[in-house]
Amino acid sequence: MNPISRRTLVLGGLATAGAAALPVRSTVIAATAAVPYPFQLGVASGEPDASSVVLWTRLAPSPLNADGQGGMANADVTVDWQLSKDDRFTTLVASGSVTATYAAAHSVHVIAGGLAPDSDYFYRFRAQGHLSPVGRTRTAPAVGTNGRDLVMAFSSCAHYEEGYYTVYRRMAEDNPGLILFLGDYIYEYGAATGRPRTHAGATEIVSLADYRRRYAQYKSDPDLQAAHAAAPWIVVPDDHEVENNYANMVRADSTPSLTTAQWTARRTAAYQAYYENMPLRPAQANNGNAIPLYRRLRWGNLATFHMLDTRQYRNDQACGDGWKICSDADLASRSLPGNAQESWLLDGLGQRLGTWDILGQQVFFARRFNSSGASMDSWDGYRASRARIQQGWVDRGVRNPVVLTGDVHRAWASNLVADYANPNSAVIGSELVTSSVTSSGDGDGSTTIPDVGTNPWLKFYNNRRGYVRTTISPATLRADFRAVAKVSEHGAAASTVKSFVIEEGRPGLQTV
């Protein structure tokens, strides 16, 4: 596919050519005719602050090559980049060159700085004589200002085999100013049969080459590329970016069989590939088998995003994981984010930097019990840890805490209460749980809240795939739960199933 048609595909006609502006080196001109199009994985931006944003791409003319190198030779490649206020790049705001190395799978992470706050920009790359698609990005408002109302969308869990990425396309069409992705961007499993799509590779991924190829397969999808090109992303992983339900250095199962050294190498490979394929700042690059991903991003005075990592530092799931009644889940010694991250979170909440304190994290936060007990993989498996955080924000006078959650492939909305044993307990916050992009397939559309009799703080449930679109202003946070009827077929329309408003200074969900 040629560069112009691909750009049109990604932004739906939003961007046009302006192709002559980028410098073209003589060595590149000589090679152009023999070099295939390297931007098969699209472009992305992320981690916006008031003066800068990360621009990302990765060169891969043959994304599914088994060696994970995407068809690139073992040589460095110069990649030029441009950033402009208009999509024709008539006036450049910033530009430069960066080296894409073989060691980093020819991924680049450019920090475009010196930008104006609360502003929209367009960006693109050029390498080996080819232009990339055009992406749109945005900076955060300056500290001390609220800026424009923020339309933000979030989702999670995009198992490639279980459906088409229509949800990503519908998110892009909403023209959000920011997208949050709350984990399970890829799945680690080998190819299965009888599903809408098929993973490349017959067995569960383990090596760096495996993970790189898996990201390349997912990122080849045009709907995912459209979502990345529409807005800057803030991302956190969950478990499937490494292995299902792992906890710190403890595996959930023994398949495939790995020695301790092999498991450590696998975690290292998984996090290296995650950094290579996400629009993260270099400060978030992995160091061996660890990656520093809990962090705080300010959106002027409007909101503070506290992005949590609930996999790397947690205690092992209590009582062997699964749904059960387990007294060990109440042990004060247990923590889901780990003691250091708990302290970091409470310190940040106590600073009350924005009107809205938004916790972007992975697993179900509110208490949710059924006749079998509760999920030991969720905060119900770490109840003392949850109580410390909730009491911590109450003690610090946090006015508007809102927890955003992924993981469970269903949409939920909950009030968060001070004491889950007391049905009359005060409401102290809200939780919005997104459904998945594709995981669990089409769903049945049910909106009957399971087990609401024993969990009266649960206010909404929907079993379709989708996302949550929020509109955040100084006075309110509106949440629209968006869903599509099918992901087994491509191109379903999205509709709003339910909307809530959270009013500033009044914790809890108000029905629209």
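Residues numbered from 1 in each chain as written. Predicted model: local features only at pLDDT ≥ 70, side-chain atom pairs only at ≥ 80, totals over all residues. Heavy atoms only, no water.

Looking at an unreviewed UniProt entry, the protein carries the name Alkaline phosphatase D, with the source organism given as Kribbella amoyensis.

Asker: I tried to follow the overall build of the protein on my own but got confused; where do I start?
Answerer: When helices and strands are tallied, the protein shows 8 helices and 24 strands. Taking 24 Å as the expected radius of gyration for a compact globule of 512 residues, we find that the protein reaches 22 Å, a close match to that expectation. Dimensions along the principal axes, computed over C-alpha positions, put the protein at roughly 75 × 55 × 40 Å. Within the span of the protein, comprising 512 residues, buried residues form 59% of the whole. In the protein, the proportion of contacts linking residues at least 24 apart, taken out of those at least 6 apart, comes to 70%. Per element, the accessible surface of the protein, about 17,200 Å² overall, is 51% carbon and sulfur. Between the mean site of the 48 positive side-chain charges and the mean site of the 47 negative ones, the protein shows a separation of 4 Å. (Helix = DSSP H or I, 4+ residues; strand = E, 2+ residues; numbered from the N terminus. Rg over C-alpha atoms; globule rule 2.2 N^0.38 Å. Buried < 20%, exposed > 50% of the residue type's maximum accessible area, 1.4 Å probe, protein only. Contact = heavy atoms within 4.5 Å. Areas by Shrake-Rupley, 256 points an atom, 1.4 Å probe, with all protein chains shown as cover. Lys, Arg positive; Asp, Glu negative; His and termini not counted. Charge placed at Lys NZ, Arg CZ, Asp CG, Glu CD.)

Asker: Whenever I open this one, the packing of helix H7 (residues 339-351) against helix H8 (residues 383-395) confuses me. Can you help?
Answerer: A pair of packed helices can be characterised by two numbers: the angle between their axes and the separation between those axes. Closest axis-to-axis distance for the H7/H8 pair is 9 Å, and the angle between their directions is 15°. Here H8 runs roughly parallel to H7, going by the angle between their axes. Relative to H8, the crossing made by H7 is right-handed. Only Ser385, Arg388, Ile389, Gly392 and Trp393 of H8 make contact with H7, whose side of the interface consists of Asn339, Glu342, Leu345, Leu346 and Leu349. Partitioning the contact of H7 with H8 into residue classes produces 5 nonpolar, 3 polar and 2 charged. (Axes fitted to C-alpha atoms, helices over the stretch in contact; angles between N-to-C directions. Parallel < 35°, antiparallel > 145°, perpendicular 65-115°, else oblique. Left-handed = near helix turned anticlockwise from the far one by under 90°. Nonpolar A, V, L, I, M, F, W, Y, C, P; charged D, E, K, R; others polar.)

Asker: Help me understand the pairing of strand E20 (residues 458-462) in this model?
Answerer: For a regular strand, side chains alternate in direction, first toward one face of the sheet and then toward the other. Of all 5 residues in E20, 4 are buried; the element is thus mostly enclosed. Summarising the sheet, strand E18 (residues 411-417) and E20 pair through 4 bridges and their orientation is antiparallel. Paired with Ala411 across the bridge in E20 is Asn462. (Pairing = 2+ DSSP bridges.)

Asker: I would appreciate a short explanation of the UniProt feature "domain: PhoD-like phosphatase metallophosphatase" (unreviewed entry) in the protein in the present structure.
Answerer: With numbering aligned to this structure, UniProt lists the feature "domain: PhoD-like phosphatase metallophosphatase" (unreviewed entry) at residues 152-481. With 22% helix and 21% strand, residues 152-481 has end C-alpha atoms that lie 12 Å from one another. (UniProt positions renumbered as here; feature names shortened; annotations may be inferred.)

Asker: Whenever I open this one, the packing of helix H4 (residues 208-219) against helix H6 (residues 260-277) confuses me. Can you help?
Answerer: It is at 8 Å that the axes of H4 and H6 come closest, and there the two elements cross at 35°. Of the two possible hands of crossing, H4 and H6 adopt the one that is right-handed. Listed contacts from H6 to Leu208, Tyr211, Arg212, Tyr215 and Lys219 of H4 are Arg266, Ala269, Ala270, Gln272, Ala273, Tyr274, Glu276 and Asn277. When grouped by side-chain class, the residues that make up the contact of H4 with H6 number 7 nonpolar, 2 polar and 4 charged.

Asker: Help me understand H7, please; the structure alone is not making it clear to me.
Answerer: Residues separated by three or four positions in an α-helix point in the same direction, a consequence of the helix having 3.6 residues per turn. Between its first and last C-alpha atoms H7 spans 19 Å; for 13 residues at 1.5 Å apiece the expected length is 18 Å, and the two agree. In this structure, the buried side of H7 is in contact with strand E12 (295-299), strand E13 (303-307), strand E15 (356-360) and H8. Taken from the residues just after H7, Arg352 is the one with a positive phi, measuring 45°. (Expected span 1.5 Å × (residues − 1).)

Asker: Where do I start with the side chain of Gln82 in this structure?
Answerer: Along the chain, Gln82 turns up in strand E3 (residues 77-84). Owing to a relative accessible area of 1%, Gln82 belongs among the buried residues under this scheme. Of the polar contacts made by the side chain of Gln82, one reaches the side chain of Arg124; its length is 2.9 Å. (Polar contact = N/O pair within 3.5 Å; in protein donor to acceptor, adjacent residues only side chain to side chain.)

Asker: I'm lost on H8 in this one. Help?
Answerer: Given a rise of 1.5 Å per residue, 13 residues ought to cover 18 Å, and the 18 Å separating the end C-alpha atoms of H8 matches this to within 8%. Of the positions making up H8, those classed as buried are Arg383, Ala384, Ser385, Arg386, Ile389, Gln390, Gly392 and Trp393. Buried-residue contacts for H8 involve H7, E15, strand E17 (401-405), E18 and strand E19 (427-433). Where H8 ends, the next residue or the one after it, Gly397, has phi of about 70°, a positive value.

Asker: What's the story with the pattern of salt bridges in this structure? I'm lost.
Answerer: Proximity of charged atoms lets side chains of opposite charge pair with each other. Considering all chains together, one arrives at 26 salt bridges under this definition. The partner of Glu342 in a salt bridge is Arg388, and the shortest N-O contact between them spans 2.9 Å. Placement of the pair is Glu342 in helix H7 and Arg388 in helix H8, with a sequence separation of 46 residues. Residue classification places Arg388 among the partly exposed positions, given a relative accessible area of 28%. As a salt-bridge pair, Asp480 and Arg469 come within 3.2 Å of each other at their nearest N and O atoms. Taken as a pair, Asp480 in strand E22 (residues 476-484) and Arg469 in strand E21 (residues 465-472) lie far apart in primary sequence, 11 residues in all. (Salt bridge = Lys/Arg side-chain N within 4 Å of Asp/Glu carboxyl O.)

Asker: Quick question: what am I supposed to make of the sheet that holds E18 here?
Answerer: Backbone-to-backbone hydrogen bonds join strands into a sheet, with any given pair of strands oriented parallel or antiparallel. Pairing is mixed across the open sheet formed by 7 strands, whose spatial order is E12-E13-E15-E17-E19-E18-E20. Of all the strands in the sheet, the pair left with one neighbour each is E12 and E20. Each neighbouring strand pair of the sheet contributes to a mean axis angle of 20°, computed without reference to strand direction.

Asker: Mind showing me how you'd approach the pairing of E12 here?
Answerer: Side chains of E12 alternate between two faces, with Arg295, Leu297 and Trp299 buried and Arg296 and Arg298 left unburied. Both E12 and E13 contribute to a ladder of 5 bridges, which runs antiparallel. Considered in E13, the bridge of Arg298 is made with Thr304. Hairpin geometry of E12 and E13 is characterised by an intervening segment of 3 residues between the two adjacent antiparallel strands and by a positive phi of about 55° at Gly300.

Asker: Could you clarify how one ought to interpret the packing of aromatic side chains in this entry?
Answerer: Two numbers describe a pair of aromatic rings. These are the distance of the centres and the angle of the planes. Enumeration according to the criterion identifies 24 aromatic pairs in this entry. Pairing Tyr160 with Tyr218 gives two aromatic rings, centres 5.3 Å apart and planes at 35°, and the pair type is tilted. With a gap of 58 residues between them, Tyr160 in the loop between strand E9 (150-155) and helix H3 (166-173) and Tyr218 in helix H4 connect regions that are remote in the sequence. Each member of the pair, Tyr160 as well as Tyr218, carries the same accessibility label: buried. For the pair Tyr165 and Tyr168, a centre-to-centre distance of 4.9 Å together with 85° between the ring planes defines the contact as edge-to-face. No difference in accessibility class separates Tyr165 from Tyr168, as the two residues are buried. Linked through ring pairs, Tyr160, Tyr165, Tyr168, Phe181, Tyr185, Tyr215, Tyr218 and Trp233 together constitute an aromatic cluster. Cation over ring: Arg197 sits above Tyr165, and NZ or CZ is 4.6 Å from the ring centre. (Phe/Tyr/Trp six-rings, centres within 6.5 Å; stacked < 30°, edge-to-face > 60°. Lys NZ or Arg CZ within 6 Å of the ring centre and 35° of its normal.)

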